[in-house]
Structure formats: structure tokens, C-alpha cells
Amino acid sequence: MTSNKTENTTWFAENLIAWQRQYGRHDLPWQSSDPYRVWLSEIMLQQTQVSTVRDYYPRFIAAFPTVQALADADEDAVLSLWQGLGYYSRARHLHNAAKQVVNDFGGVFPQTRIQLETLRGVGRSTAAAIAAFAFNKRETILDGNVKRVLCRVFALDGDLNDKTFTDQLWALAEKLLPENETDMSAYTQGLMDLGATLCKRNKPECAVCPMINHCLAYRHEQQAQLPRKKTATPVQEVFWYWLIIRRGDGAVWLEKRPAKGIWGGLWCVPCVDGFQAALDYGALFGVAAEEWQEMPPFKHRLTHRLLHITPLLVAVDAVPSLSISGQWLTAASWTDLGLPKPLAAYLSKITGKNNGLA
Ligand code: SF4
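This structure is a prediction, so every number in the text was calculated from the model and none was measured.

Colleague: Lay out the overall build of the protein chain in plain terms, naming residues and giving numbers.
Modeller: Each helix and strand in the protein chain was counted, giving 15 helices and eight strands. Each principal axis of the C-alpha atoms in the protein chain carries an extent, and together these give about 80 × 45 × 35 Å. Relative to its full complement of 358 residues, the protein chain shows a buried share of 50%. Considering only contacts within the protein chain whose residues lie at least 6 apart along the sequence, 68% involve residues at least 24 apart. On the protein chain, roughly 17,200 Å² of surface is accessible, and the fraction owed to carbon and sulfur atoms is 49%. Seen as two clouds, the 37 positive and the 35 negative side-chain charges of the protein chain have centres 5 Å apart.

In C-alpha cells, the structure reads:
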């Protein structure tokens, strides 16, 4: 670390708490001391904008108002409500963690950060957020926003991919915690609010920031340099054929994707990466090569992948008995399942327009 300004840091918590109470966010639908609600919102907010979560969260809570209700739910129902949020492993972990709370903790959330970290999909920062908001525990969060604030306030120029540096950030964040447990909720919300509303990645609003008199990045005009930029993760290109096989009654052949990988656990049309594989798959349905109708390709961007998708359509009449796993599903039923968003949109489009299919 390049800063020695880590002594006598009580001003950090004091300024943050006072600012949060007066100017912070108090109207987020998940602000609560209910660990289930805090946990759900924290998982949804990973990799997802607050504005998007504001839309999804109430529907999810309405469908699964308690951890017991979530644990009892069918996985497809959970994935369906997650449809469009991306990172579907979060939804599967959420579902499994709800079962853990019910089976291992008698349906009551554990209160310590260490116990909370035993739940599927719950890392240290998420566990700390639940422990702080729900149980007033003196545990610190350290998500991307908080790292940015700390690197700027204390002028810490380190590699955020480097474990030694992030360990030092954790130690600093712990040191900054307020003494009084009853301040933990305002303090933790303040950390989130400061990074989200003032100390933004671009154009931080230093003039109204409660840290302005202490912030070294502000003093030395280093806001644009701190935190040090991470090396960009290369985007992986994936080339797929979507095999859209429709029966005379309009049902489409869908299979459940493997739990790991792109759209893990969602229902999807078969995705193959070569034309020969498409022909081989079609042969299982008695489809000849010339029967496939190739549609214009399109691209779909995931965080670290760029999908190049070429839909192949075919209508089948007499369907042989199949030894592969999958189901014929109609529009009425696939809307209740977790389908990848671009596929749901594409199927709606071709169902609306009759592409020469039955
Ligand atoms: S003064 Fe500016 S750079 Fe420093 S913490 Fe506040 S918003 Fe961020």
C-alpha cells in the first residue's frame, strides 16, 4: 500500500454514518432487517444494476415470500423468475441455499458471518452484509464499489486481482468499522450508497462527498487513476446453431441445459457448434439435411462471451420415439419455465410470424 494514512480513522465511519442518515438511500424495497430479504437482494445485486433489481425483486418476493417457500419451490419456477437477470448459477445457488437454511438451520438464518458463508453462493462480502443489516454484526462488506472508495480515499494504488492487495483492503475495511453495533446498518448502507451515488467510476461527485476533507485521491487529483484498472478479461466467441424443431401443434423441442456453463439449468432448444452436429441431431427426428431452414444469424453478448447464433428451423410431423432427454413444450408452458431471454424473444417472434412452419 502506498498510503500511511490509516491511523486514527474514526472520521471515516462518523462521516459516512452521518451522511447516510441524511442523504443516503432509504427507499430501496429490500432495506430491511429480515435476513431473507437482505440475502435475496444481495444475490440479485451481484452483477446487476439496482434499477433492474427493483423490477425483479418484488416479483420474486411475491412468489417466494419466505425462505421456506423458496426451498419448497420447483427449480424451474425459480429459474423462470430469474429469466433475464443472467448468471443463472446465482438462482440455482439461491435455491440450494434456501434448502440449506431449512434443512441445516431449522429454517432460521444463522447469524454469524462464518456460518452464513457456508450457504451456497454466499461469499464473505454477502455474508457480512446479511450479518450487518439483519443482526448488527460488526462485519465489513467489500464489493467493487467499496474497493473503489477505499482506493481513492486512502490513495491505494494496487492490483485488485492481487490477493495480497485485496487482503490488505479487507484489513483496512475491518479497521474502519464503527465501534457501535447499532450503527452497522447505516454504516453498511453508507458504504453501498457512497460508491453507487457519489464515488462513481466516472465523474465522482467530490464536491458533495462526506470524505472530501480526507480523500487523498481528491487532494492529489487522482480520481481517474484510482483504483488501478484491472486487465480486461478477453471475450470468448462462441458459435452455435440453434435447432428449433417444431411439431404440428406448435410445440417446440426443448432440453434442459447442463447445470454448469452458458444458461446453466435453463430450458433451451438444442445448441450445437457445427452443421454436421445439427444434421446428426436432426436425424434423430427423421429430419433430412435439406429440410432445415437456415435463418439469419445474430449475436448475443454475455459478460465474457459473444454468442454467434444461427437458428435452424424445421417442422416435423410423425415424431419417432426418442431416446434423448428433452420435452415438447408449447408457448403456454415455456413461458412458465426459465428460458434464456433471447430464445424466449426469438420463439415469440417466430410463433407470431408463421415462418413456413406448421
Ligand atoms: S472525494 Fe471524490 S474521490 Fe474521494 S471518496 Fe469522495 S467522491 Fe470519491
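Colleague: If you had to explain the packing of helix α2 (residues 35–45) against helix α8 (residues 124–135) to someone new, which residues and values would you point to?
Modeller: Direction vectors running N to C along α2 and α8 enclose 150 degrees, while the axes themselves pass 9 Å from each other. In this structure, α2 meets α8 at a crossing whose hand is right-handed. On α8, the residues that touch Pro35, Val38, Trp39, Glu42 and Ile43 of α2 are Thr126, Ala129, Ile130, Phe133, Ala134 and Phe135. Its residues assigned to classes, the contact of α2 with α8 shows nine nonpolar, one polar and one charged.

Colleague: Hey, could you go over the pattern of salt bridges for me, with residue numbers and the actual values?
Modeller: The tally for this structure, following the rule as stated, stands at 14 salt bridges. Residue Asp167 pairs with Lys163 through a salt bridge whose shortest N-O separation is 2.8 Å. Note that Asp167 and Lys163 are positioned in helix α10 (residues 163–175) at a spacing of four residues, about one turn of the helix. Judged by relative accessible area, which is 36%, Asp167 ranks as partly exposed.

Colleague: Which residues make up the packing of aromatic side chains, and what are the values?
Modeller: Applying the stated criterion to the full structure yields 19 aromatic pairs. Ring plane angle 35 degrees and centroid distance 5.9 Å describe the contact between Trp11 and Phe154, whose orientation is recorded as tilted. Taken together, the residues Trp11 in helix α1 (residues 10–23) and Phe154 in the loop between α9 (144–153) and α10 connect sequence positions 143 residues apart. Measuring from centroid to centroid gives 5.5 Å for Trp242 and Phe298, while their planes differ by 70 degrees, and the two rings are edge-to-face. Pair noted here: Trp242 is in strand β1 (residues 236–247) and Phe298 is in strand β6 (residues 298–301), with a separation of 56 residues, a long-range link. When its relative accessible area of 0% is taken as the criterion, Trp242 is described as buried. Looking at Arg59, its charged tip hangs above the ring of Tyr56, at a distance of 4.9 Å from the centre. A cation sits over an aromatic face here: Arg124 above Trp170, 3.8 Å from the ring centre.

Colleague: I'd like to hear about the site of the ligand, residue by residue, with values.
Modeller: Within the structure, the ligand sits among Arg152, Val153, Cys199, Pro204, Cys206, Cys209, Cys215, Tyr218 and Gln223. Taken atom by atom, the bulk of the ligand overlaps the largest cavity. When its residues are assigned to classes, the shell around the ligand shows seven nonpolar, one polar and one charged.

Colleague: Lay out empty space enclosed by the protein in plain terms, naming residues and giving numbers.
Modeller: Under the definition given, this model contains one cavity of 30 Å³ or more. The space that makes up the largest cavity amounts to roughly 120 Å³. Among the elements of the structure, α9, α11 (184–198) and α12 (216–219) are those that each provide at least two residues to the lining of the largest cavity. In terms of residue class, the lining of the largest cavity is made up of twelve nonpolar, one polar and two charged.

Colleague: Report on unusual backbone geometry, specifying residues and quantitative values.
Modeller: The residue after Leu226, namely Pro227, is reached through a cis peptide bond having omega -5 degrees. Assignment of secondary structure puts Pro227 in the loop between α12 and β1. Even without glycine at this site, Ala155 takes up a positive phi of about 50 degrees. Tracing the backbone shows Ala155 in the loop between α9 and α10. One non-glycine residue, Trp263, lies in the positive phi region at around 50 degrees.

Calculation criteria
- Residues numbered from 1 in each chain as written.
- Predicted model: local features only at pLDDT ≥ 70, side-chain atom pairs only at ≥ 80, totals over all residues.
- Heavy atoms only, no water.
- Helix = DSSP H or I, 4+ residues; strand = E, 2+ residues; numbered from the N terminus.
- Buried < 20%, exposed > 50% of the residue type's maximum accessible area, 1.4 Å probe, protein only.
- Contact = heavy atoms within 4.5 Å.
- Areas by Shrake-Rupley, 256 points an atom, 1.4 Å probe, with all protein chains shown as cover.
- Lys, Arg positive; Asp, Glu negative; His and termini not counted.
- Charge placed at Lys NZ, Arg CZ, Asp CG, Glu CD.
- Axes fitted to C-alpha atoms, helices over the stretch in contact; angles between N-to-C directions.
- Left-handed = near helix turned anticlockwise from the far one by under 90°.
- Nonpolar A, V, L, I, M, F, W, Y, C, P; charged D, E, K, R; others polar.
- Salt bridge = Lys/Arg side-chain N within 4 Å of Asp/Glu carboxyl O.
- Phe/Tyr/Trp six-rings, centres within 6.5 Å; stacked < 30°, edge-to-face > 60°.
- Lys NZ or Arg CZ within 6 Å of the ring centre and 35° of its normal.
- Near = heavy atom within 4 Å.
- 1 Å grid on protein atoms, 1.4 Å probe; cavity = no way out; pocket = protein on both sides within 12 Å on 5 of 7 lines; lining within 4 Å.
- Sits in = over half its atoms within 2 Å of the grid points.
- Points joined across faces, edges and corners; volume = space filled by probe spheres on them.

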